[in-house]
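# Report on the structure
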Amino acid sequence: MILPINLGEQSYDIVIERGALDKIGSYLNLNRKVLILTDSGVPKEYSEKVLSFCKEGYIYTIPQGEKSKCFDNYRDILGFMVEKAFTRTDCVVCVGGGVCGDLGGFVAASYMRGIDFYNVPTTLLSQVDSSIGGKVAIDFQGVKNIIGAFYQPKKVVIDSDTLKTLDKRQVSAGLCEAIKMACTCDKELFEKIESSQDLERDIDEIIARSLKIKGDVVEKDPKEKGLRKVLNFGHTIGHAVESQGDYLHGESVSIGMLKMCSQEVKTRLEGVLKKYSLPTKMEYDASVLADFIKKDKKARGEYITVIYVQRVGEFEMRDILIDDIKKYLN
Ligand SMILES: NC(=O)c1ccc[n+]([C@@H]2O[C@H](COP(=O)([O-])OP(=O)(O)OC[C@H]3O[C@@H](n4cnc5c(N)ncnc54)[C@H](O)[C@@H]3O)[C@@H](O)[C@H]2O)c1
């Protein structure tokens, strides 16, 4: 299936197809120099498959993990491209999760003022969320995504067969972002995830519907001036939870979402999160989390916008005083 993202000159297609990796050359223009960015945890066969279709391809492997989304790797990859004489008509293909997509996208955004890049996401989080929308970034001086750009891929190819090698915990963490989108915008998708008897069978539909929601939001608000904030449901508290170090991103968002909804939604959310082994409770010190949020958001003013879900499939944006976040944490 092809899902178009309409952004004027920056429009692109998302291909969602099992087995697409085996014919990736028919979807991407690889008849040029290609930097294939992957990480050490992504099975080699995926990047090697892409390489087999390239006229002149180079696999560049970074260590797995968030720490790799850093300035040193950014600089080294650019250095490698200069050394290999990449030109403005060459391209980057990101094969991996959000770490490869965010870093590789930012490399592409800045090399020679911007060259083509393609996303071939291989984690569920990147397939339902991070591979589209054009937010590319690196972490810097301990702050997540602080240096980056809005830069759209030329195409995104999603082959859910790649999820077969992904750790179950990572699958659940990725599913959390789909639950987030369903909970705020698509009651039927929420019901689908809630009642699914076979996630592997249903996954392409879940990916497609999640991307449709994100795509619609991105088309209306590509640079996060308003509506796009809905994608941050559960993330204000989620980021604070994540900073404590015990949980993956999606697991932290699970805790965050439960703090930003009515009792009726909370009951259903808890059920669905438990079903997919996502956490619903965490022992925490509300003051520590509130302090993290204040520090994180203070630069943007006294107020923050949080997304609140009163009924599944609907959301409201609430502008609250940062100091009031503690009320939601308690
Ligand atoms: N740009 C955006 O809009 C956006 C949105 C959400 C999150 N993000 C970013 O995404 C990143 C998290 O992405 P992620 O959850 O995909 O994590 P990740 O990229 O770190 O991947 C998770 C792990 O899975 C491994 N892996 C990847 N594909 C695999 C496969 N098919 N089989 C086996 N192992 C595989 C990786 O090696 C890694 O160890 C964060 O940096 C976050 O900031 C970006």
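Residues numbered from 1 in each chain as written. Predicted model: local features only at pLDDT ≥ 70, side-chain atom pairs only at ≥ 80, totals over all residues. Heavy atoms only, no water.

## Considerations on the packing of aromatic side chains
Put simply, the test is: Working definition: rings of Phe, Tyr and Trp (its six-membered ring) pair if their centres are within 6.5 Å, and the pair is stacked with planes under 30 degrees apart, edge-to-face with planes over 60 apart, and tilted otherwise. In DSSP terms, a helix is any run of H or I states spanning at least four residues, a strand is any run of E spanning at least two, and both are numbered starting from the N terminus. With a 1.4 Å probe rolled over the protein chains alone, any residue whose accessible area is under 20% of its type maximum counts as buried; one over 50% counts as exposed, and the rest are partly exposed. We call a charge positioned above a ring when the Lys NZ or Arg CZ atom is no farther than 6 Å from the ring centre and deviates by at most 35 degrees from the ring normal.
Applying the stated criterion to the full structure yields seven aromatic pairs. Note on Tyr 58 and Phe 86: the rings are 6.1 Å apart at their centroids and 50° apart in plane angle, and the pair reads as tilted. Of the two residues, Tyr 58 is situated in strand E4 (residues 56–62) and Phe 86 in the loop between helix H2 (71–83) and strand E5 (91–96); the sequence distance between them amounts to 28 residues. With respect to class, Tyr 58 is no different from Phe 86; both count as buried. Summarising the aromatic geometry, the rings of Tyr 60 and Phe 80 are spaced 5.4 Å apart at their centres and angled 75° between planes, so their arrangement reads as edge-to-face. Of this pair, Tyr 60 sits in strand E4 while Phe 80 sits in helix H2, placing them 20 residues apart in sequence. In this structure an aromatic cluster arises from ring pairing among Tyr 58, Tyr 60, Phe 80 and Phe 86. Sitting over the face of the ring of Tyr 308, Arg 318 holds its NZ or CZ atom 3.7 Å from the ring centroid.

## What about the site of the ligand?
Rules: One heavy atom within 4 Å of a molecule or strand makes the whole residue count as near it. We call two N or O atoms a polar contact when they sit within 3.5 Å, provided that within protein one can donate a hydrogen and the other can accept it, with sequence-adjacent residues counted only if both atoms are side-chain atoms. Where accessible areas are quoted, they stem from the Shrake-Rupley method and a 1.4 Å probe; at the residue level, only the protein chains shown are allowed to cover. All residues other than Ala, Val, Leu, Ile, Met, Phe, Trp, Tyr, Cys, Pro, Asp, Glu, Lys and Arg, Gly among them, are scored as polar; the first ten of these are nonpolar and the last four charged.
Around the ligand, the surrounding shell holds 25 residues, and the nearest of these are Asp 39, Gln 64, Glu 66, Thr 122 and Thr 123. Here an oxygen atom of the ligand and a side-chain polar atom of Lys 69 are 2.8 Å apart. At 2.8 Å from a nitrogen atom of the ligand is found a side-chain nitrogen or oxygen belonging to Thr 165. In isolation the ligand offers 870 Å² of accessible surface; the protein chains occlude 88% of this area. Elements with a contribution of two residues or more to the shell around the ligand: helix H3 (98–110), helix H4 (124–130) and strand E8 (143–150). Split by residue class, the shell around the ligand holds six nonpolar, 11 polar and eight charged.

## With respect to the pairing of strand E3 (residues 33–39)
Rule in force here: DSSP-based pairing: two strands are paired if at least 2 bridges between them are found. Orienting the strands away from the viewer, one traces the path from the first strand over the helix to the second; a clockwise path indicates a right-handed crossover.
Burial analysis of E3 places seven of its seven residues in the buried class, the great majority of the element. Neither face of E3 is open: one carries Lys 33, Leu 35, Leu 37 and Asp 39, the other Val 34, Ile 36 and Thr 38, and all of them are buried. With seven bridges connecting them, E3 and E4 associate as parallel partners. Among the inter-strand pairings, Ile 36 is bridged to a residue of E4, identified as Ile 59. What joins E3 to E4 is helix H1 (residues 44–52), and the crossover it makes is right-handed.

## Thoughts on the pattern of salt bridges
As a reminder of what qualifies: For this document, the term salt bridge refers to a Lys or Arg side-chain nitrogen within 4 Å of an Asp or Glu carboxyl oxygen.
Per the stated rule, a full pass over the model turns up 29 salt bridges. The salt bridge involving Arg 18 is made with Asp 204; its shortest N-O contact spans 2.5 Å. Of this pair, Arg 18 sits in the loop between strand E2 (12–16) and E3 while Asp 204 sits in helix H7 (residues 199–220), and the two are 186 residues apart along the sequence. The salt bridge involving Arg 209 is made with Glu 188; its shortest N-O contact spans 3.9 Å. Highlighted residues: Arg 209 in helix H7 and Glu 188 in helix H6 (residues 187–195), separated in sequence by 21 residues. Residue class for Glu 188 comes out exposed when judged on its relative accessible area of 54%. Where salt bridges share partners, they join Asp 186, Glu 188, Lys 192, Arg 201, Asp 202, Glu 205 and Arg 209 into one cluster.

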